[in-house]
Amino acid sequence: MSVLEKMSSTEIMALENKYGAHNYHPLPVVLSRGEGVFVWDVEGKKYFDFLSAYSAVNQGHCHPKIVNAMINQAQTLTLTSRAFYNDQLGPYEQYLTNYFGFDKVLPMNTGAEAVETALKLCRKWAYEVKGIQEQEALIVVCDGNFHGRTTTIISFSNDENARKNFGPYTAGFVKIPYNDVEALQTVLANNANIAGFLVEPIQGEAGVFTPDDSYMMNVKNLCNQYNVLFIADEIQTGIARTGSLLAVCGDCTCEKHCEKQETYATPDILILGKALSGGAYPVSAVLANNAIMNVIKPGQHGSTFGGNPIAAAVAKAALEVVEEEYLAQNARFLGNLFRSKLNEYIKTSSIATLVRGRGLLNAIVINDTEESDTAWNICVALKDNGLLAKPTHGNIIRFAPPLVMTESQLLECIAIICNTLKQFEK
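Anyway, here's the lowdown on the structure attached to this text. Model, not experiment: these values are computed from the prediction. (Residues numbered from 1 in each chain as written. Predicted model: local features only at pLDDT ≥ 70, side-chain atom pairs only at ≥ 80, totals over all residues. Heavy atoms only, no water.)

**Overview of the side chain of Arg339**
Right, so step 1: Mapped onto the secondary structure, Arg339 falls in helix α13 (residues 327–346).
Right, so step 2: Despite its burial, Arg339 remains without a salt bridge, the nearest opposite charge being carried by Asp251 at 9.5 Å.
Right, so step 3: Contacts of Arg339, omitting those with residues within four sequence positions, involve Val355, Arg356, Gly357, Arg358, Gly359 and Asn362. (Helix = DSSP H or I, 4+ residues; strand = E, 2+ residues; numbered from the N terminus. Buried < 20%, exposed > 50% of the residue type's maximum accessible area, 1.4 Å probe, protein only. Lys, Arg positive; Asp, Glu negative; His and termini not counted. Salt bridge = Lys/Arg side-chain N within 4 Å of Asp/Glu carboxyl O. Contact = heavy atoms within 4.5 Å.)

Take a look at the structure:
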């Protein structure tokens, strides 16, 4: 047995607190094993995972097909860098671009890297294709956004906790309200230097804010009208999480890009991450068609690990699981069931005021202020009752289980949530 296997949760948490940077505030649970929708702590207690590593584990913990793809490739070839070709990347790129309906992909590792890549790609297109004067390109973003925590990304964040004392900030961004088509039209009509509009189809970190059904298509049409790139950050919402392959697909439940493409808001640049690997390995991607992607030339962008053989093999297997196991359809059915049952509870609740979301990306709003610890205390109680979730923005609890969950498991989880909420009713 290893030293870690002999240590208690309290001892392990103390080690992390002493030797690790305090850039997270985890729930007090130490996990050591996962399978499907379940995780176990070091003492052996079993929990339903209702966070899915912020939607990275859509395919469930340790999915055998994904794990086997990783093991097999790790035993064959792990890394070549992009100084050479490898035998996994080309077939993966073909599979991925066909899967989502784009000409080309630029592979990266993390979500924030993919967002940075999309921003660079958008600006280069603006100067070399649209004809905006160099250094003058602007990118429109939304209030309440979360796209990562790099210096550039926090420059257009509203989260002062993520911004404070990290300046100076990067210029070149214009913020408008989320889910406000008129605000976007106004800024596009009054500034010829707009290169792109970066948006989350659902704002996850902000509390699972879901826009009007027509919002994405209206956004797409405006971007087309003003020759502005529509950039969809689907790092958290993509790959079946919301009941569709992508959140921008709306009501389409196809597992791959399909003939209905003209009926939904196809982005000019698509950003993917998290569940692209099923949570097994850091894999992200930026997809676009040739007219946009071809502005990137050798030496102008890259990553030592981006497009490595393990990432390619793992991501291909992860996407095959989504299709083979009908995860988008399952997420849609279970999501409707979850919101229906929680809405029944909320009708007579004093502690929970609202449930919102799409597919299996949902949140409940707790009847308290953002500065309160009520939502945190509810999550601790949920943990004690066998279900793991985390608050966001103080008074909102996000619920996002793996998409392999069954109906009976979901109903069991709903009972845990409702019984836990009853402990906090006034």
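**Description of the sheet that holds strand β9 (residues 269–272)**
Right, so step 1: In spatial order, the strands read β4-β10-β9-β8-β7-β5-β6; together these seven strands make up an open sheet with mixed pairing. In the strand order of this sheet, the two ends are held by β4 (104–108) and β6 (173–176), each with one partner. Neighbouring strand axes in the sheet, compared pairwise and without regard to direction, differ in orientation by 20° on average.
Right, so step 2: As defined by bridge partners, strand β7 (residues 194–199) adjoins strand β8 (residues 229–233) across four bridges and the pair is classed as parallel. By the bridge assignment for β8, Leu198 is matched with Ile231.
Right, so step 3: Running at roughly 120° to β4, helix α5 (residues 89–100) makes contact with β4, β9 and β10 (284–288) of the sheet. (Pairing = 2+ DSSP bridges. Axes fitted to C-alpha atoms, helices over the stretch in contact; angles between N-to-C directions.)

**Let's talk about the packing of helix α14 (residues 374–384) against helix α15 (residues 407–422)**
Helix-helix packing is described using two parameters, namely the angle between the two axes and the distance between the axes.
Right, so step 1: Where α14 meets α15, the closest approach of the two axes is 10 Å, and the angle between their N-to-C directions is 130°. It follows from the interaxial angle that α14 and α15 lie oblique. The handedness of the crossing between α14 and α15 is right-handed. On α15, the residues that touch Ile378, Ala381 and Leu382 of α14 are Ile416, Ile417, Thr420 and Leu421.
Right, so step 2: Of the residues contributing to the contact of α14 with α15, the split by class is six nonpolar, one polar and no charged. (Parallel < 35°, antiparallel > 145°, perpendicular 65-115°, else oblique. Left-handed = near helix turned anticlockwise from the far one by under 90°. Nonpolar A, V, L, I, M, F, W, Y, C, P; charged D, E, K, R; others polar.)

**So, helix α9 (residues 181–189)**
Right, so step 1: Residues Ala183, Leu184, Val187 and Leu188 constitute the buried set of α9. Viewed along the axis of α9, the buried residues span an arc of 130°, placing them on a single side of the element.
Right, so step 2: Here the buried face of α9 lies against β5 (138–142), β6, β7 and α10 (215–225).
Right, so step 3: The opening residue of α9 is Asp180, an N-cap whose side-chain oxygen sits 3.2 Å from the backbone nitrogen of Glu182. (Arc of directions from axis to C-beta. Polar contact = N/O pair within 3.5 Å; in protein donor to acceptor, adjacent residues only side chain to side chain.)

**Let's talk about the pairing of β8**
Right, so step 1: Burial within β8 is extensive, with five of its five residues counted as buried.
Right, so step 2: Residues Leu229, Ile231 and Asp233 of β8 are buried on one face, and the alternating residues Phe230 and Ala232, pointing to the opposite face, are buried as well.
Right, so step 3: Taken together, β7, α10 and β8 form a β-α-β motif whose crossover is right-handed. (Right-handed = clockwise from strand over helix to strand, strands pointing away.)

**Description of the side chain of Ser244**
Right, so step 1: Tracing the backbone through its elements, the reader meets Ser244 in the loop between β8 and β9.
Right, so step 2: In this structure the side chain of Ser244 is engaged in a polar contact, spanning 2.6 Å, whose partner is the backbone oxygen of Gly250.
Right, so step 3: Looking at Ser244, its side chain comes within polar contact range of the side chain of Arg332, at 3.2 Å.
Right, so step 4: Leave out the neighbours within four places in its chain, and Ser244 touches Cys249, Gly250, Asp251, Cys252, Ala328 and Arg332.

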